[in-house]
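# An overview of the molecular structure
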Amino acid sequence: MTKDKLSIVPQGKLTRACDVATASLALGLYSPFIIGAAIRSYFKSESLFKKEIALDALHRPVHQLLLRNSEHSNIGLYLSVLKGQLSIVGLDRLPTDSRLVPHDISPENSKAAHPAGLFSLASNHRSIGLLGPSETLSLEQQFQSLQGFTYFKTLAKTALCSLLYKGKKLKSEASFYLFGLKIDNHSMSEAIDWLFDKPEQGCETAVFVNVNSVNLSHEQAELRHAINSANKVFADGSGVRMGARKLGIALKGNVNGTDMLPILCREASSTSKRLFLYGAAPGVAAKAADKLRKKYPGLRIVGVQHGFANTGNNDKLEQQTIDSINNSKADILLLGLGSPLQEQWLKRNRHKLKVDKALAVGGLFDYYSGNIPRAPLFLRELGFEWLWRLFQEPSKKFYRYVIGNPLYLFRLLRLKRQL
């Protein structure tokens, strides 16, 4: 990206005034912690603050003040805001293990640009799982989030996401149990790597767990056993992220089928892996297959079957579908029968399948056939994509969201944090 294509956004007077007011209020509210830290620092003969230097998205050094002798060391960052070294919302302070992306912005323009932020649109995306822990956004996206009134919208989004999804002293676990369901804590890239790895033995299966999965499995032991029998169980959605936070666990990513499919298709195109699409209403999977082939040249979708042919207890029809999948020589099966049918189908038939991997994807084909549009980005940035689904199909999704979400939150309130 060249200098003339990228609009540098300096900090305006109004946003600076907002920063000063917010930081002053925060320091006032946190003053008891600052006083306690000051007393402890005095008896230890230490300075009250320690200095650290980070890098922002423009590779500029960011001077950060952290409070010593306190569990709330980040309080010192509000003093950095008062000194103008940080903004409440600004450019991303890069994660320590992120890769520096080259840019063509001159030192003069870089110096004049909006400062790094205590929060940023990129940190908001990481907190909701739209970005991985070491990923950031493009400079263009970051500057757009700081322009004019958009700054205050970004501030509101980051504040809400911090309240809902961030937690203190979250630990990283390879897997954990949430309401009896074992969930693998993977990033999207790790999930894709597993999907294209050679299976150790036979067909390996994966499912996604969301709030609806938790609610259904609470009443249906058979579904719970089917989910736990899968080789991989991916955390899908903001509700599972809230559950992980309550347990004291940091999720690596929001591994959902809608975001996974484009990556899967690109990888399948480059590796000549063959896909089979099974599920949804008649014509939907075929329409999705046509659109995906056009979008990803070289993508090999070797079979399509709608999911209304054998949803009953017809063993003969079910075996015919399995034979079709096996005869197609597919490497990956995408199964969209909806929960709990798809999880139970996989548990029942995985030993009959000759594919390498089988993935239960719910209503994914409806999205990629064009029947149901994806939620706007601002709803996904807040973890509220379910509102869009409720708006589109209010009668069909009423119980799942209007009844199911409050029920899940009630269960979450009773959930105890892991030690």
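Structure first, text after, so check above.
Anyway, here's the lowdown on the structure attached to this text. What you see is a predicted model; the values in this text were computed from it and never measured.

### Remarks on the overall build of the protein chain
- Scanning the protein chain from terminus to terminus reveals 19 helices and 12 strands.
- Taking 22 Å as the expected radius of gyration for a compact globule of 419 residues, we find that the protein chain reaches 24 Å, a close match to that expectation.
- In terms of principal-axis extent, the alpha carbons of the protein chain reach across some 75 × 50 × 45 Å.
- Classification of the 419 residues of the protein chain by burial places 49% in the buried group.
- Counting contacts in the protein chain only where the partners sit at least 6 residues apart, residues at least 24 apart contribute 76% of the total.
- As displayed, the protein chain has an accessible area near 20,900 Å², and 56% of this comes from carbon and sulfur atoms.
- Seen as two clouds, the 56 positive and the 35 negative side-chain charges of the protein chain have centres 4 Å apart.

### Considering the packing of aromatic side chains
- Inspection of the entire model under this criterion finds 12 aromatic pairs.
- Relative to Tyr 408, the ring of Phe 179 lies with its centre 6.0 Å away and its plane at 65 degrees, an arrangement referred to as edge-to-face. Of the two residues, Phe 179 sits in the loop between strand E5 (175-178) and strand E6 (181-184) while Tyr 408 sits in helix H19 (residues 394-414), which places them 229 residues apart along the sequence.
- Judged by centre distance (5.5 Å) and plane angle (65 degrees), the ring pair of Tyr 278 and Trp 345 falls under edge-to-face. Of this pair, Tyr 278 sits in strand E9 (residues 274-279) while Trp 345 sits in helix H15 (residues 341-349), and the two are 67 residues apart along the sequence.
- Among the residues examined, Trp 345 registers a relative accessible area of 2% and is labelled buried.
- Through pairs of rings, three or more aromatic residues link up here, namely Tyr 30, Phe 33 and Tyr 78.
- Above the face of the Trp 194 ring, Lys 357 is positioned so that its terminal group lies 4.2 Å from the ring centre.

### Topic: H19
- Helix length check: H19 (21 residues) gives 29 Å between terminal C-alpha atoms against 30 Å at 1.5 Å per residue, within 8%.
- Of all the bends in H19, the greatest, near 40 degrees, is centred on Gly 404, and the proline Pro 406 appears no more than four residues after it.
- Within the sequence span of H19, burial applies to Lys 397, Tyr 401, Gly 404, Asn 405, Tyr 408, Arg 411 and Leu 412.

### Re the layout of surface pockets
- Of the volumes computed, that of the largest pocket is approximately 1,900 Å³.
- Lining the largest pocket are 50 residues; nearest its centre among them are Asn 74, Arg 93, Phe 119, Lys 166 and Gly 167.
- It is helix H7 (residues 150-165) that contributes the most residues to the lining of the largest pocket, 6 residues altogether.
- Here the lining of the largest pocket is composed, by residue class, of 24 nonpolar, 15 polar and 11 charged.

Calculation rules
Residues numbered from 1 in each chain as written. Predicted model: local features only at pLDDT ≥ 70, side-chain atom pairs only at ≥ 80, totals over all residues. Heavy atoms only, no water. Helix = DSSP H or I, 4+ residues; strand = E, 2+ residues; numbered from the N terminus. Rg over C-alpha atoms; globule rule 2.2 N^0.38 Å. Buried < 20%, exposed > 50% of the residue type's maximum accessible area, 1.4 Å probe, protein only. Contact = heavy atoms within 4.5 Å. Areas by Shrake-Rupley, 256 points an atom, 1.4 Å probe, with all protein chains shown as cover. Lys, Arg positive; Asp, Glu negative; His and termini not counted. Charge placed at Lys NZ, Arg CZ, Asp CG, Glu CD. Phe/Tyr/Trp six-rings, centres within 6.5 Å; stacked < 30°, edge-to-face > 60°. Lys NZ or Arg CZ within 6 Å of the ring centre and 35° of its normal. Expected span 1.5 Å × (residues − 1). Bend = angle between axes of the 7 residues up to and from the residue. 1 Å grid on protein atoms, 1.4 Å probe; cavity = no way out; pocket = protein on both sides within 12 Å on 5 of 7 lines; lining within 4 Å. Points joined across faces, edges and corners; volume = space filled by probe spheres on them. Nonpolar A, V, L, I, M, F, W, Y, C, P; charged D, E, K, R; others polar.

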